[in-house]
Amino acid sequence: MSEQKKPLIDEEGLRTDGRKIDEFRPITITLGYLRHADGSVLYQQGKCKIIAAVFGPSEVHPKHIELPDRAILRVRYHMAPFSVEERKSPAPSRREIELSMVIRNSLEPVIMTELFPRTVIDIFIEVLQADGGTRVAGLTAATLALADAGIPMRGLVAGCATGKVEGKVVVDLNDIEDKEGEADMPVAYIPTLNKISLLQMDGIMTRDEFKEALSMGINSCMKIYQMQVSALKSKYGQVEAQAKEEE
Ligand code: CDP
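Residues numbered from 1 in each chain as written. Predicted model: local features only at pLDDT ≥ 70, side-chain atom pairs only at ≥ 80, totals over all residues. Heavy atoms only, no water.

A.B. asks: Which residues make up the pattern of salt bridges, and what values do they have?
C.D. replies: All chains considered together, the criterion is met by 16 salt bridges. The partner of Arg 15 in a salt bridge is Glu 177, and the shortest N-O contact between them spans 2.8 Å. You can see Arg 15 sitting in the segment before β1 (27-31) and its partner Glu 177 sitting in helix α3 (residues 175-180), a full 162 residues away along the chain. Overall, the relative accessible area of 4% leaves Arg 15 in the buried class. A residue is classified by how much of its surface remains accessible, and Glu 177, at 0% relative accessible area, is buried. A salt bridge links Arg 19 to Asp 17, with the nearest nitrogen and oxygen atoms 3.1 Å apart. (Salt bridge = Lys/Arg side-chain N within 4 Å of Asp/Glu carboxyl O. Helix = DSSP H or I, 4+ residues; strand = E, 2+ residues; numbered from the N terminus. Buried < 20%, exposed > 50% of the residue type's maximum accessible area, 1.4 Å probe, protein only.)

Spelled out as structure tokens, the structure:
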């Protein structure tokens, strides 16, 4: 007798990890996680564990690639060989090269690169453990590491995926939902500019489903944005209080 496959959404409307369709995974933000980077974070979203680290603005090597009017933004998204079920080669794959570019393009609208001509800002995103939605989690983490490094920005970028699983629009797909679901749609939003900075889709949705997914995605991004703000306030609020005490 063939084994019955477990549904991705059960009769009570709950997903494989017990979440409701509009619920994203628990998020923890640990700012300043690394000692030697100018800014860093350990970002956990459910089983996804991602480190983002920022260096700079610093001198450009080789010099001829520097830009006279702004800083260069260099992004490396990388998955550790042990981050996925099947060992991944440590060499950068085409997917990682593409995601590095997608994340750089999504960060560009907020970073005030014009304040640092002839320099480079390096952003490293290291996925330690992947469980779906790493590009948007990596982007959210990179934004936090940039803020932690004190890089001036026009706002924060918050990302969250949405998609379609067993005919229902859901938020923040995990790995199995990403692989077995009908569609995956990563969204990133900049609340201060009221702009979407990343929107991709893999799969098929109707026009109405797309609208629902987009509004669900923006909604989740807003909530994640509030978590970013409160994590930054709680770290830098303490720093400010300490500085005042020392005065
Ligand atoms: O992670 P994200 O959803 O942004 O990108 P994806 O290319 O749609 O990958 C979805 C998921 O597939 C990842 O989060 C991993 O859990 C998994 N994956 C994998 O198992 N092995 C890889 N080499 C790449 C991705």
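A.B. asks: Outline the site of the ligand, supporting the account with residue identities and numerical values.
C.D. replies: Residues in contact with the ligand amount to 13 residues; listed here are only the nearest, Arg 95, Gly 132, Gly 133, Thr 134 and Arg 135. At 2.8 Å from an oxygen atom of the ligand is found a main-chain nitrogen or oxygen belonging to Gly 132. Listing elements by their share of the shell around the ligand, those giving two or more residues are α2 (134-148) and α3. At three residues, α3 tops the list of elements feeding residues into the shell around the ligand. Its residues placed into classes, the shell around the ligand shows three nonpolar, three polar and seven charged. (Near = heavy atom within 4 Å. Polar contact = N/O pair within 3.5 Å; in protein donor to acceptor, adjacent residues only side chain to side chain. Nonpolar A, V, L, I, M, F, W, Y, C, P; charged D, E, K, R; others polar.)

A.B. asks: Tell me about the sheet that holds strand β2 (residues 39-45), and please be specific about residues and values.
C.D. replies: The five strands are arranged β1-β2-β3-β5-β4 in an open sheet whose pairing can be described as mixed. Bordering the open sheet on either side are β1 and β4 (72-79), each of which pairs with just one other strand. This sheet shows a mean twist of 15 degrees between the axes of neighbouring strands, independent of strand direction. Note: strand β3 (residues 48-59) against strand β5 (residues 119-129), nine bridges, orientation antiparallel. Opposite Phe 55, over in β5, you have Asp 122 as the bridge partner. (Pairing = 2+ DSSP bridges. Axes fitted to C-alpha atoms, helices over the stretch in contact; angles between N-to-C directions.)

A.B. asks: Just give me the short version of the packing of helix α1 (residues 94-107) against α2, but keep the residues and values in it.
C.D. replies: In contact at an axis separation of 10 Å, α1 and α2 are set at 50 degrees when each is read in the N-to-C sense. Here α1 is positioned oblique relative to α2, judged by the angle of their axes. In this structure, α1 crosses over α2, and the sense of that crossing is right-handed. In this structure, α1 contributes Arg 95, Leu 99, Ile 103, Ser 106 and Leu 107 to the contact, and α2 contributes Thr 134, Arg 135, Leu 139, Ala 142, Thr 143 and Leu 146. Along the lines of polarity and charge, the residues of the contact of α1 with α2 split into six nonpolar, three polar and two charged. (Parallel < 35°, antiparallel > 145°, perpendicular 65-115°, else oblique. Left-handed = near helix turned anticlockwise from the far one by under 90°. Contact = heavy atoms within 4.5 Å.)

A.B. asks: So what about the pairing of β4? Which residues, and what values?
C.D. replies: For β4, the tally of buried residues reaches six of eight residues, placing the bulk of the element in the interior. With eight bridges joining them, β4 and β5 adopt parallel strand pairing. Each bridged residue has a counterpart across the sheet, and for Val 75 the counterpart in β5 is Ile 123. Running through α1, the crossover from β4 to the neighbouring parallel element β5 is left-handed. (Right-handed = clockwise from strand over helix to strand, strands pointing away.)

A.B. asks: Outline the packing of α2 against helix α4 (residues 207-246), supporting the account with residue identities and numerical values.
C.D. replies: Running from N to C, α2 and α4 point in directions that differ by 25 degrees, and their axes come no closer than 11 Å. The angle between α2 and α4 places the two elements in the roughly parallel class. In this structure, the crossing between α2 and α4 has a hand that is right-handed. Between α2 and α4, the contacting residues are Thr 140, Thr 143, Leu 144, Ala 147 and Asp 148 on the first element and Ile 224, Gln 228, Leu 232, Lys 235 and Tyr 236 on the second.

A.B. asks: I'd like a rundown of the side chain of Ser 197, residues and numbers included.
C.D. replies: Relative to the elements of secondary structure, Ser 197 occurs in strand β9 (residues 195-199). Those residues in contact with Ser 197 that lie beyond four places of it in its chain are Ser 106, Pro 109, Val 157, Ala 188 and Ile 190.

Honestly, it's all geometry; don't read function into it.
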